Amino acid sequence: MTLVDRVISSLRTHHDRLAGLVPTLDEAALTSPSGATEWRVCDVYSHLGSGAEISLRPVAAAAAGTPPPAAANEEIWDRWNALGPLDQAAGFVEHDQRLVETLEALDGDARESLQVDLGFLPAPVPLVVAAGMRLNEVVLHAWDVEVAFDPDAGLDPEAAGLLLDLLAGPLSFLLGFSAKPGALGATAAVDAGRFGLHVAPDAVEVLEATPVAPTATFTGPHEALVRLLAGRLSPEHTPDGVAVTGEVSLDDLRLVFPGY
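Residues numbered from 1 in each chain as written. Predicted model: local features only at pLDDT ≥ 70, side-chain atom pairs only at ≥ 80, totals over all residues. Heavy atoms only, no water.

K.L.:
What should I look at first to understand the overall build of the chain in this one?
P.N.:
A tally of helices and strands in the chain yields eleven helices and seven strands. For 260 residues, the compact-globule formula gives about 18 Å, and the C-alpha radius of gyration of the chain, at 19 Å, lands near that figure. Each of the three principal axes of the chain carries a C-alpha extent, and together these read 50 × 45 × 30 Å. The contacts of the chain with a sequence gap of at least 6 include a subset with a gap of at least 24, amounting to 64%. When the accessible surface of the chain is summed, it comes to about 11800 Å², and 55% of that surface belongs to carbon and sulfur atoms. One way to put it: in the chain the 14 positive side-chain charges average out to a point 2 Å from where the 37 negative ones average out. (Helix = DSSP H or I, 4+ residues; strand = E, 2+ residues; numbered from the N terminus. Rg over C-alpha atoms; globule rule 2.2 N^0.38 Å. Contact = heavy atoms within 4.5 Å. Areas by Shrake-Rupley, 256 points an atom, 1.4 Å probe, with all protein chains shown as cover. Lys, Arg positive; Asp, Glu negative; His and termini not counted. Charge placed at Lys NZ, Arg CZ, Asp CG, Glu CD.)

K.L.:
It is not clear to me how the pattern of salt bridges should be interpreted in this structure. Could you clarify?
P.N.:
When the charged atoms of two side chains with opposite charge come close together, those side chains can pair. Considering all chains together, one arrives at 15 salt bridges under this definition. Across the pair Asp 251 and Arg 254 runs a salt bridge, and its minimum N-O distance is 2.6 Å. Within this pair, Asp 251 and its partner Arg 254 are both found in helix 11 (residues 250-256), separated by three residues, close to a single helical turn. Salt bridges sharing partners connect three or more residues here, namely Arg 6, Asp 165 and Arg 194. (Salt bridge = Lys/Arg side-chain N within 4 Å of Asp/Glu carboxyl O.)

K.L.:
Help me understand the side chain of Arg 111, please; the structure alone is not making it clear to me.
P.N.:
Looking at the secondary structure, you find Arg 111 in helix 6 (residues 108-113). Residue Arg 111 is classed as buried on the basis of its relative accessible area, which comes to 14%. When residues no more than four places from it in sequence are discounted, the contact partners of Arg 111 are Val 4, Asp 5, Ile 8, Leu 103, Glu 104, Leu 106 and Leu 127. (Buried < 20%, exposed > 50% of the residue type's maximum accessible area, 1.4 Å probe, protein only.)

K.L.:
Just checking my understanding: could you explain the pairing of strand 3 (residues 188-192) for this structure?
P.N.:
Two faces, one strand: in a regular strand the side chains alternate between the faces of the sheet. Counting buried residues in strand 3 gives five out of five residues, a clear majority hidden from the surface. Every second residue of strand 3 is oriented toward a common face, with Ala 188, Val 190 and Ala 192 on one face and Ala 189 and Asp 191 on the other, all of them buried. Summarising the sheet, strand 3 and strand 4 (residues 195-200) pair through five bridges and their orientation is antiparallel. Of the residues in strand 4, the one forming a bridge with Ala 189 is His 198. Hairpin geometry of strand 3 and strand 4 is characterised by an intervening segment of two residues between the two adjacent antiparallel strands and by a positive phi of about 80 degrees at Gly 193. Here strand 3 runs beside strand 6 (residues 216-219); their pairing, made up of two bridges, is parallel. Counted as the bridge partner of Val 190 is Ala 216 from strand 6. (Pairing = 2+ DSSP bridges.)

K.L.:
Honestly, helix 7 (residues 127-146) in this entry has me stumped. Any pointers?
P.N.:
A turn of α-helix holds 3.6 residues, and therefore any two residues three or four places apart point the same way. In this model helix 7 runs 28 Å from its N-terminal to its C-terminal C-alpha over 20 residues, within 8% of the 28 Å that 1.5 Å per residue would give. Counting buried positions along helix 7 yields 19 of 20 residues, so the element is predominantly enclosed. (Expected span 1.5 Å × (residues − 1).)

K.L.:
Which parts of the structure should I look at to understand the side chain of Glu 53?
P.N.:
By the element assignment, Glu 53 lies in helix 3 (residues 41-64). Take Glu 53: its relative accessible area is 16%, and that puts it in the buried class. Not counting chain neighbours up to four residues away, the residues in contact with Glu 53 comprise Ile 76, Arg 79, Trp 80 and His 95.

K.L.:
Whenever I open this one, the nonpolar core confuses me. Can you help?
P.N.:
Nonpolar side chains tend toward joint burial in soluble globular proteins. Tyr 45, Val 206, Phe 218 and Phe 257 are the most contacted members of the largest nonpolar core, which has 82 residues in total. By residue number, the principal contributor to this core is helix 7, which donates 13 residues. Other than its neighbours up to four places away in sequence, Phe 218 contacts Val 190, Asp 191, Ala 192, Ala 224, Leu 225, Leu 228, Val 242, Ala 243 and Val 244. (Core = buried A, V, L, I, M, F, W, Y, C linked by side-chain atoms within 4.5 Å.)

K.L.:
In this structure, what is going on with the environment of Ala 64? I would like to understand it.
P.N.:
Checked against the element boundaries, Ala 64 lands in helix 3. Given a relative accessible area of 54%, Ala 64 falls into the exposed group.

K.L.:
Where do I start with unusual backbone geometry in this structure?
P.N.:
With the exception of glycine, most residues fall at negative phi, and the peptide bonds are largely trans. The phi torsion at Glu 38 lies on the positive side, around 70 degrees, for a residue other than glycine. Along the chain, Glu 38 turns up in the loop between helix 2 (27-30) and helix 3. Judged by its relative accessible area of 76%, Glu 38 is exposed.

Printed below as a string of structure tokens:
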């Protein structure tokens, strides 16, 4: 499978997981705190549902060969925010299904050749970037939902490895928005098994291989590493055995990756 094929397959897996939870959640469950700071479970579903509606517009336009639609994000968010918790969850199922089916319907040539104008980046991007950004959002927010009911929840291991492949490749720019490399006050090269991290005073990189001269070692599964990069590896949600040894500590790296 190509990278974009893997992304679309993982989006389907996560849609089915999140949609499968919806019939089991009453209003009390939906209004309970999620793993996302200051968001309830229903707020996460609303964010993912509105995000699916917003994401579908430029993808559908690219597939149809038509100009991208004018941005309507504020209007869409207002509409979703006005819904009740049950309707937010049900709306996620409907709109995310529509987005995933649209991506699944694209043939191999389209998946490799489409350029998607997201509206907020300097130029249109390959489908793997647009779909990969959606996957990054969905995988992390799926954890925000699941950890509300299972404090030991982790990310899907296959998706975690896929996200690291993306962050070391076409989505490398995302850490430029979310990381705070200056918080470390030093340079670090972290051995994370098949991957690595390089933290400099002004930039952070996920490396496709172990650094040549590591100054620290991350011990733990890929899913914990991804949650660290996304600010979701707080002490209370850190599995046993996950640690950073060497010239920097896990707490040091938590400062670099405060989350979003």
